Amino acid sequence: MPSEQLPSTHKEKGRDKPPGRKPPGSGLPPRRSIRILRWARRVTQTATLGLFLFFLTQTTFRGSFSASADVPVRLAFPVELFFLINPYAALVTLLTSHTVYRGLLWALATVAVTLIFGRAFCGWVCPFGTLHHFFGWVLPSRKNKGAARVAANRTHPVRQRVKYYLLYAFLGAAAVGSAFGGTFDPIALAVRGLGLSVLPGLQYTVGAALRLLADSNVRVLQGVADVAQFVLSRTLWQASQFHYHDGWILGVAFVALVVLNRFIPRFWCRVLCPLGALLGVTARHALVGMEKDHARCTNCNLCLVHCQGADSPQGGVTWRQDECHVCLNCENACPEGVIRFRFLPSRESTTTRPDTQRRTTLASVAAGAAMVPLARSADSLDVNYEPRLIRPPGAVEEREFLARCIRCGECMKVCPNNALHPALLEAGIEGIWTPILIPRIGYCEHSCVLCGQVCPTGAIRRLTEKEKTGVDQPPVRMGTAFYDYGRCLPWAMQTPCIVCEEFCPTSPKAIWTEQVEVPLRESKPAPDGGAPAMKTVKLQRPHVDPSLCIGCGACEKVCPVQDRPAIYVTSVGESRSRTNVILLDRKPS
Amino acid sequence: MPDRISRREALSRVGAAAGTLAAAAAVGLWRWDRHAHAQVRDSSTRQVRDFRVSSAPDQPDFVVATGTSDAAALTDKALAAMGGMARFISRGDVVAIKPNIGWDRTPSQAANTHPDVVAALVKAALDAGAKRVVVTDNSCNEPQRSFQRSGILEKAAAVGAQVVLPADNHLRTTRLHGELLDEWPILVPILEADKVINVPIVKHHGLARLTCAMKNWYGLLGGRRNRLHQDIDTSIADLATFMRPTLTVVDATRVLYRNGPQGGNLADTRQLDTVVASLDQVAADAYSCTLINQKPDDIGYLKIAQRRGLGTMDWASLKVRQV
């Protein structure tokens, strides 16, 4: 290939003529329409990234100063929008559940865009893609400019095939009933990384800084700190610091993917993204594409300097439509008029399909599909119920849940009590990053149904307040509370307490108390130095009525035995399961 | 044999070493806690935040208003019988109103103070010339939900109150010097007000039997307040010792007489259409407990409060007016 010798010549050229001063080569200006479209792309990218971040910060409940008491609490915006227009999420859950859940039909809009323009979603809309675009531009070192950068943007077939095989593996898993592929969904990665790790980390940092101001004795600084705290708590985060179980892993993964842009621009998009791969496969039928006039190419490689998809826009080789993000940088840069995007182009110098190999494809599908029985024949699902696997209220039965949950993190982000957390191994290896309730960190608010509102795939049902709390029907139960009598104050230490009873939200309360008179030893020795005297104290000792307990975890959250609580919730008795039960008369609702 | 270094070089090396040492010593001396003072905490007498106004001889101390089902009208009636808000509020005062906004419940469920009672007080305070009226509480349930679904966020804000949703930065560790409560994070907007009006609702409480005026001060506290149940009576009395409000207005328009303090079931509530205004928080509680079939003598914190001289359980001994 002639282009192989080029970096050196380009380097020499670049030395005496820094790019940008004088147009290189023939210096033909790009078409006006391309210059406008390139700006339109930048505006769209900024807008969609902005919208994504706005929706992310709105994925929480902040009290409204104008809503009346009887208005059900709902969010003002469709914050899960970027999952709804996500064909990968739609396809995975279509394969697992054989349905397209509610708003997921919007994914068709993205499919339509792809069938007209190719992977324009990646280059114009995807917020995670835009982040990589931005960091792929600012992060590369001095060394990674010029020729090195051109080299980094050449198609790397082996590397770039990985994402297709990943896609096929995840689709294979989906075909046999697992939405495990959601772990690699780019929007989910962005929500989990930013929402559950980066944002709380930022809140922690800013909060510490503002506390310094508040602790100063300067009135003005205290005022500034108060106003800043108020504004931030109503816009970016919430009034209290949120903590996510093992959230740091999500943050590290997110930052690592961003930093990879320093070495290979848009590493995630080119190498790993299964949504990109799906759109790449779809783009084979795209109506808009590139034509090249190879004869005019002088191998100046300017097209490669800012190529996003590493899709071979340069002359002498065929263009990879499945890899191209349609950013239009190549045509804009070409000084010879070689590259031309147009409607229904000649496909003479275009490769429309991924260059994957059939055997490896089949092997990927098989490997993905095989992962599911492998994970499920381990003990976590049917035989050795994990007590900590407490699912959000309205979560569907566990198999159905694993089929629907794409690990998008929306429920964890929206939960106003910081009760929902990403599972690491609590739900088995297959359930990584699916939501679990950790009552010790936050309990499930009795009449809150926001997690089901934002769930894009129906893994958590859209409950009404009446369905959840059980007005004229059985309530939704997430588990059952148990006492650890060895640690409970009235039971073990003859000390009054029953905060658990106070917080129990059901009526009648699932926690009831029994009045007892019990002996208690005085703490001080007798006056003669002998054994301390005994006295009798009156106490209320709490009990759980498992037929009334809904497993919300309020009791566990407020138990004053601070480290390991004296009352704790486990998943048994959850109304979504027919098998994880205690009582004979407990029917699943 | 290497050359000896120059004088200049020698001086500069010694100077660098000395400079570093001097800097380290300066920092060390500046931050030196020579006598371990930083470890020692001062301790002094019991703290009191007294927001009371001097009593007026020709005005009642205790008013029970009934006769309408309009919560706002009842509140106005009770205030008027007390001599009007102007008796308590001076022009330019910052007034803090402390309702019970503990739970994520709607007004009819009788777990939080009625929003119309709160709004009526806000209006009256502003009409009496208050510079600013702050409404706040530190909820038990998630605060944003509790404030919104109690109706207080909307109705108090609509009449011009500054509704402060509790946040980490509103809590400041404060010394109470109580028998039980030594040092706790407390809601600053209330401590910094000129006048404080306590607006509790009358409710049953599983452990304390009654939650009304004195128990409502739990809502001042942040931190791990769940520990306080171990001696709920003393902790309530400590808070009532610390907080002496300008006025207590008890919302008994509807009460929660069982399954408290959270309720959730309309069958646990009872419509009473009563508002009580009192200068004495102990008397207010003693009267209120009868509304939910409790006896004042069974309520431990009332007895402690009376013993400490915070007020009287014999509300009938005050200057009472029924309107």
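Just so you know, these numbers come straight off a predicted model, no measurement behind them.

What counts and what doesn't
Residues numbered from 1 in each chain as written. Chains lettered and ligands numbered in written order. Predicted model: local features only at pLDDT ≥ 70, side-chain atom pairs only at ≥ 80, totals over all residues. Helix = DSSP H or I, 4+ residues; strand = E, 2+ residues; numbered from the N terminus. Rg over C-alpha atoms; globule rule 2.2 N^0.38 Å. Buried ≥ 20, exposed ≤ 12 C-beta atoms within 10 Å, placed from the backbone. Contact = placed C-beta atoms within 7 Å. Nonpolar A, V, L, I, M, F, W, Y, C, P; charged D, E, K, R; others polar. Pairing = 2+ DSSP bridges. Right-handed = clockwise from strand over helix to strand, strands pointing away. Axes fitted to C-alpha atoms, helices over the stretch in contact; angles between N-to-C directions. Parallel < 35°, antiparallel > 145°, perpendicular 65-115°, else oblique. pLDDT = per-residue confidence, 0-100. Expected span 1.5 Å × (residues − 1). Arc of directions from axis to C-beta.

Colleague: Honestly, the overall build of chain B in this entry has me stumped. Any pointers?
Modeller: Within chain B, the secondary structure is distributed over nine helices and 14 strands. Relative to the 2.2 N^0.38 estimate, which gives 20 Å for 323 residues, the radius of gyration of chain B is 26 Å and therefore markedly larger than a compact globule would have. The 323 residues of chain B split such that 52% are buried. Within chain B, contacts between residues separated by at least 24 positions form 75% of all contacts whose residues are at least 6 apart in sequence.

Colleague: Any chance you could explain the overall build of chain A here in plain terms?
Modeller: Scanning chain A from N- to C-terminus turns up 24 helices and ten strands. Looking at chain A as a whole, 49% of its 589 residues are labelled buried. Across chain A, the fraction of contacts at a sequence separation of at least 24, relative to all contacts at a separation of at least 6, is 76%.

Colleague: I keep staring at helix α14 (residues 274–282) of chain A and nothing clicks. Help me out?
Modeller: Because each turn of an α-helix spans 3.6 residues, side chains separated by three or four positions in sequence point in the same direction. Residue and element names in this part refer to chain A. Of all nine residues that make up α14, seven are buried, and the element is covered over most of its length. For α14, the full list of buried residues reads P274, L275, G276, A277, L278, L279 and G280. Lining the buried residues of α14 we find α4 (87–97), α5 (107–117), α6 (120–125), α9 (157–175), α10 (186–215) and α13 (267–272).

Colleague: Would you mind showing me how to read the interface of chain B and chain A here?
Modeller: Much of the literature gives interface size as the accessible area that the parts lose upon coming together. With 39 residues of chain B at the contact, the number on the chain A side is 45 residues. Elements with a contribution of two residues or more to the side of chain B that touches chain A: α4 (143–149) and α5 (152–158) of chain B. With six residues, α4(B) is the largest single contributor of residues to the side of chain B that touches chain A. Here the residues of the side of chain B that touches chain A sort into 14 nonpolar, 16 polar and nine charged.

Colleague: So what exactly am I meant to see when it comes to the pairing of strand β3 (residues 94–99) of chain B here?
Modeller: Here is the key point about a regular strand: its side chains alternate between the two faces of the sheet. Residues and elements named next belong to chain B. In terms of residue burial, β3 counts as a mostly covered element, since five of its six residues are buried. As defined by bridge partners, β3 adjoins strand β4 (residues 132–136) across four bridges and the pair is classed as parallel. By the bridge assignment for β4, V95 is matched with V133. In the classification by handedness, the crossover that spans β3, the intervening helix α3 (residues 115–127) and the parallel β4 is right-handed.

Colleague: Can you help me understand the packing of α4(A) against α14(A) in this one?
Modeller: All names here are of chain A. Contact geometry of α4 with α14 gives a least axis separation of 9 Å together with a crossing angle of 90°. By the angle between their directions, the pair α4 and α14 is classed as roughly perpendicular. Across the interface between the two elements, P87, Y88 and L91 from α4 touch P274, L275 and L278 from α14.

Colleague: Is there a simple way to explain unusual backbone geometry in this structure?
Modeller: If a residue is not glycine, its phi is most likely negative; likewise, a peptide bond is most likely trans. All names here are of chain A. Cis peptide bonds are those with omega within 30 degrees of zero, and the linkage from S507 to P508 qualifies with 0°. Backbone geometry places L328, a non-glycine residue, at a positive phi of 70°. Phi is positive for D472, close to 60°, though the residue is something other than glycine. Within the fold, D472 resides in the loop between α21 (465–469) and β7 (480–483).

Colleague: It is not clear to me how the environment of A:A403 should be interpreted in this structure. Could you clarify?
Modeller: Its location among the elements puts A:A403 in helix α18 (residues 398–404). If we skip the residues at most four places from it in the chain, A:A403 touches A:T96, A:S97, A:G177, A:S178 and A:A179.

Colleague: Would you mind going over the confidence of the model for chain A with me for this structure?
Modeller: The predicted coordinates should not be examined in detail at positions where pLDDT is low. For chain A, the mean per-residue pLDDT works out to 92, and 95% of the residues sit at or above 70. This model gives residues 1–17 of chain A a pLDDT under 50, and the stretch forms 23 contacts once residues within four places in sequence are excluded.

Colleague: Explanation requested: the environment of B:R308 in the structure shown.
Modeller: Residues and elements named next belong to chain B. Counting through the fold element by element, R308 comes out in the loop between α9 (300–307) and β14 (320–322). When the C-alpha positions of R308 and A237 are compared, they lie 8.6 Å apart, and in sequence the two are 71 residues distant. Setting aside anything within four residues of it in sequence, one finds R308 in contact with A237 and T241.

Colleague: For this particular structure, what's the right way to read helix α12 (residues 247–259) of chain A?
Modeller: Residue and element names in this part refer to chain A. Over its 13 residues, α12 extends 19 Å from the first C-alpha to the last, a length consistent with the 18 Å expected when each residue adds 1.5 Å. Buried within α12 we find G247, L250, F254, L257 and V258. Across the axial projection of α12, the buried residues extend over an arc of 100°, all falling on one side. Turned more than 90 degrees off the buried face of α12, the exposed positions are V252, A256 and V259.

Colleague: I tried to follow the environment of A:K538 on my own but got confused; where do I start?
Modeller: Residues and elements named next belong to chain A. Of note, K538 is situated in strand β9 (residues 534–544). For the pair K538 and Q494, spaced 44 residues apart in the sequence, the C-alpha separation amounts to 8.6 Å. In contact with K538, not counting residues within four places along its chain, are Q515 and E517.

Colleague: Would you mind going over the packing of α4(A) against α9(A) with me for this structure?
Modeller: Residues and elements named next belong to chain A. Packing of α4 against α9 leaves a shortest axis separation of 7 Å and a crossing angle of 30°. Judged on the interaxial angle alone, α9 and α4 are roughly parallel. Every residue of α9 that contacts α4 at V92, L95 and T96 is listed here: F170, L171, A174 and A175.

Colleague: It is not clear to me how the confidence of the model for chain B should be interpreted in this structure. Could you clarify?
Modeller: Residues and elements named next belong to chain B. Across chain B, the average pLDDT comes to 91, with 96% of residues at or above 70. For residues 40–44, every residue scores under 50 in pLDDT, and the model assigns this stretch one contact once sequence neighbours within four places are set aside. If you check the scores for this complex, the pTM reads 0.86 and the ipTM reads 0.74.

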